[in-house]
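Residue-level structural notes
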Amino acid sequence: MASAAKDEKYDFDLFTIGGGTGGVRAARFAASDYGARVALCELPFSLIQTDTEGGLGGTCILRGCIPKKFLVYGGEYANEFKECEGYGWHIEGEITHDWRKLADRKAKQLRKLSDSYKGQLDKAGVHYIEGRATVKDEHTVHINGKDYTAKNILIATGGRALVPPIEGKEHTIISDQILDLPKKPSKLVIVGGGYIAAEQACIYRNFGADVHMFFRGKHMLAGFDPEAAKHAEGQFKHKGINLNPDFSPVKVVKESDGKLTMTAKNNDDKEVTVDGIDYILMATGRKPATQGLGLDKIGVELDEKGGVKVDDFSHSNVDSIWAIGDVTNRIPLTPVARMEGTYFAQHLFGGLDIKPDYANVASVVFSSPQVAQVGVNEDKAVEQYGDVDVFTSTFSALKDSLTDNEGKGFIKVVVDAKSDRVLGIHLVGPEVSEILQGFAAAMKAGITKTQLNETVGIHPTSAEELTTLRSVTRKYRNKEQLKD
């Protein structure tokens, strides 16, 4: 262990505040790989996060990635039931769904996963403390009326949902609650056009709900390739999801029957009202969870959104304070937090000159269909590289050819025309998340379009479409699109 990271005059070499994926990874590696004396603090277990409740596993395990994926799986069975008739299966009688059974089994598994994090900490020799932590000074953490000292303090408290200050916002719910509903909604309104909004819209549409999306931009999924996002919008509409671009909510009213009514307006003051709503989900962004930690009292610099400012090694401006994950406002993805936690431990306690690499981080929207990307989109590629070739294709999955599913997949490969290096891959379709992981590794290794073309595809698969793109859809030279 690097000597600078250890000092016997403190209770611990490292005190981690936050037991999500990043915090647990950093604490485990520091203790098990480098022999550091490590403590970690997290709030008591709950599926709904508050100022006094949280739980080991954090957002991803308890109120994000994992419960979301369970609901994705559950909802997509409805599509399987419809489509299996094309393969000769016949289901007699009414198909019913037990929402309570799904919710109970999901909650049980989430508790099991949270407990497994405690087991990992115990195995690594990390001292676990349950409670709310505040930073008392540069080397002291206060929990449950007791002070603990540490040479280094790691902030890994994640983020919290943001709700716009509209009239009646108290009648709305956030992403924590949409994943733990007591009943299946018949009518759902979702405010927001990001990945959380898109995923929940498809989940509950698959479960049969009447779903309405309202978002401020002209298109949803602003962080994804615009062409891919537009293609996904078309598939959403085909599924029966009602899209309302350029609209923002202004008022929510709870009616006497318990149902909700929401009014929204666009930039032209056009007004739309939706009534008879069971739930209104505010998927309007997240903010770093730094409030009340006491970081301001010791001079830790925060950005305009409240995130901890850090350097390339996750080090804040205060020598003893470090931060990783969503609380730093870098890339808010679980695998990124895990990477940051690993490199933090290797740098601080292993003495390695290693820092996170944010190039070619893949991301996926687990909607129906899924939207996946790695690298830069077309617009950014043109801006950064100037000479760019774009290859696109739409396709129908072989599985759908015997069914009534008319959904179309979409593929885009963005290439640097000078070096032939693949700059971005963008996919829309069933299970494209599983397709993209391998190609993300290839991009990390610097794959070229020629190498992609020379790759022998696996037939018959949707993935092989990436190896068969030959005709250029668009060419850019010196940032200008060439005419046909």
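Up top is the structure.
Residues numbered from 1 in each chain as written. Predicted model: local features only at pLDDT ≥ 70, side-chain atom pairs only at ≥ 80, totals over all residues. Heavy atoms only, no water.

1. Structural notes on the environment of Leu427
Within the fold, Leu427 resides in strand 21 (residues 422–429). Taking the C-alpha atoms as reference, Leu427 lies 4.7 Å from Ile411; in sequence the two are 16 residues apart. Setting aside its immediate chain neighbours within four residues, Leu427 contacts Gln370, Val371, Ala372, Phe410, Ile411, Val432, Ile435, Leu436 and Leu466. (Helix = DSSP H or I, 4+ residues; strand = E, 2+ residues; numbered from the N terminus. Contact = heavy atoms within 4.5 Å.)

2. Some points on the packing of helix 1 (residues 21–34) against helix 4 (residues 99–124)
When two helices pack together, you describe them by how their axes are tilted relative to each other and by the distance separating the axes. The contact between helix 1 and helix 4 brings their axes to 8 Å, and the two run at 20 degrees. As far as their axial angle goes, helix 4 and helix 1 are roughly parallel. Like other packed secondary-structure pairs, helix 1 and helix 4 cross with a definite hand, here left-handed. Taken together, the residues of helix 4 that come into contact with helix 1 (itself represented by Thr21, Val24, Ala27, Arg28, Ala31 and Ser32) are Tyr117, Gln120, Leu121 and Ala124. Its residues placed into classes, the contact of helix 1 with helix 4 shows six nonpolar, three polar and one charged. (Axes fitted to C-alpha atoms, helices over the stretch in contact; angles between N-to-C directions. Parallel < 35°, antiparallel > 145°, perpendicular 65-115°, else oblique. Left-handed = near helix turned anticlockwise from the far one by under 90°. Nonpolar A, V, L, I, M, F, W, Y, C, P; charged D, E, K, R; others polar.)

3. Re the side chain of Asn266
Structurally, Asn266 can be placed in the loop between strand 12 (260–265) and strand 13 (271–277). Excluding residues within four positions of it along the chain, Asn266 makes contact with Asp246 and Phe247.

4. Observations regarding the nonpolar core
Soluble, globular proteins show a tendency: their nonpolar side chains are buried together. One finds Ile178, Ile190, Tyr204, Met213, Leu221, Phe236 and Ile241 to be the most contacted residues of the largest nonpolar core, which totals 39 residues. Top element by residues in this core is helix 6 (residues 195–206). It accounts for seven residues. Among residues more than four places away in sequence, those in contact with Leu221 are Gly193, Gly194, Tyr195, Ala198, Ala229, Val365 and Val371. With 29 residues, the next largest nonpolar core counts Ala36, Val38, Leu121 and Ala156 among its residues. (Core = buried A, V, L, I, M, F, W, Y, C linked by side-chain atoms within 4.5 Å. Buried < 20%, exposed > 50% of the residue type's maximum accessible area, 1.4 Å probe, protein only.)

5. Considerations on the side chain of Gln235
Within the fold, Gln235 resides in helix 7 (residues 226–239). Contact partners of Gln235, with chain neighbours within four places excluded, come to Pro369, Gly407 and Lys408.

6. What about the sheet that holds strand 19 (residues 388–395)?
Spatially, 17-18-21-20-19-22-23 is the arrangement adopted by the seven strands of the open sheet, whose pairing is antiparallel. Of all the strands in the sheet, the pair left with one neighbour each is strand 17 (363–365) and strand 23 (480–481). Bridge count between strand 19 and strand 20 (residues 409–416): eight bridges; the pairing is antiparallel. Bridged to Ser393 within strand 20 is Ile411. (Pairing = 2+ DSSP bridges.)

7. Notes on unusual backbone geometry
Pro369 follows Ser368 through a cis peptide bond whose omega is 10 degrees. Along the polypeptide, Pro369 turns up in the loop between strand 17 and strand 18 (370–375).

8. Some words on the pattern of salt bridges
Considering all chains together, one arrives at 24 salt bridges under this definition. Two residues, Asp147 and Lys136, come together in a salt bridge whose shortest N-O distance is 2.7 Å. One end of the pair, Asp147, is in strand 6 (residues 146–155); the other, Lys136, is in strand 4 (residues 133–137), with eleven residues separating them in the sequence. One salt bridge in this structure joins Asp246 and Lys218, with 3.6 Å as the shortest N-O distance. Highlighted residues: Asp246 in the loop between strand 10 (242–245) and strand 11 (248–254) and Lys218 in the loop between strand 9 (210–215) and helix 7, separated in sequence by 28 residues. The partly exposed category is assigned to Asp246, whose relative accessible area is 24%. Three or more residues are tied together by salt bridges with common partners; here these are Asp225, Glu227, Glu378, Lys412 and Arg474. (Salt bridge = Lys/Arg side-chain N within 4 Å of Asp/Glu carboxyl O.)

9. Details of the packing of aromatic side chains
Considering all chains together, one arrives at nine aromatic pairs under this definition. Between Tyr204 and Phe207 the ring centres are 6.4 Å apart and the planes differ by 45 degrees, which places this aromatic pair in the tilted class. Judged by relative accessible area, Phe207 falls into the buried class, the value being 12%. Between the aromatic rings of Phe344 and Phe349, the centroid separation amounts to 6.5 Å while the plane-to-plane angle is 90 degrees, which identifies the pairing as edge-to-face. Taking relative accessible area as the criterion, Phe344 reaches 1% and is therefore assigned buried. (Phe/Tyr/Trp six-rings, centres within 6.5 Å; stacked < 30°, edge-to-face > 60°.)

10. A look at a nonpolar patch on the surface
On the surface, Tyr73, Tyr77, Phe81, Ile91 and Ile95 cluster together into a nonpolar patch covering about 490 Å² of accessible area. Within the element layout of this structure, Ile91 appears in the loop between helix 3 (65–83) and helix 4. (Patch = residues over 30% accessible without salt bridge, like charges linked within 9 Å, V, L, I, M, F, W, Y side chains within 5 Å. Areas by Shrake-Rupley, 256 points an atom, 1.4 Å probe, with all protein chains shown as cover.)

11. Concerning the sheet that holds strand 10
Sheet architecture is open: four strands sit in the order 10-9-8-14, paired in parallel fashion. Two strands close off the open sheet at either side, each with one partner strand: strand 10 and strand 14 (279–282). Neighbour-to-neighbour, the strand axes of the sheet open up by a mean angle of 15 degrees, direction not taken into account. Pairing analysis gives five bridges linking strand 8 (residues 187–191) to strand 9, with the strands arranged parallel.

12. Looking at the pairing of strand 18
The element strand 18 is largely enclosed, with a buried count of five among its six residues. Alignment of strand 17 against strand 18, held across three bridges, turns out to be antiparallel. Across the sheet, Val364 pairs through a bridge with Ala372, a residue of strand 18. Here strand 18 pairs with strand 21 via six bridges, running antiparallel. Counterpart to Gln373 in the pairing with strand 21 is His426.

Honestly, it's all geometry; don't read function into it.
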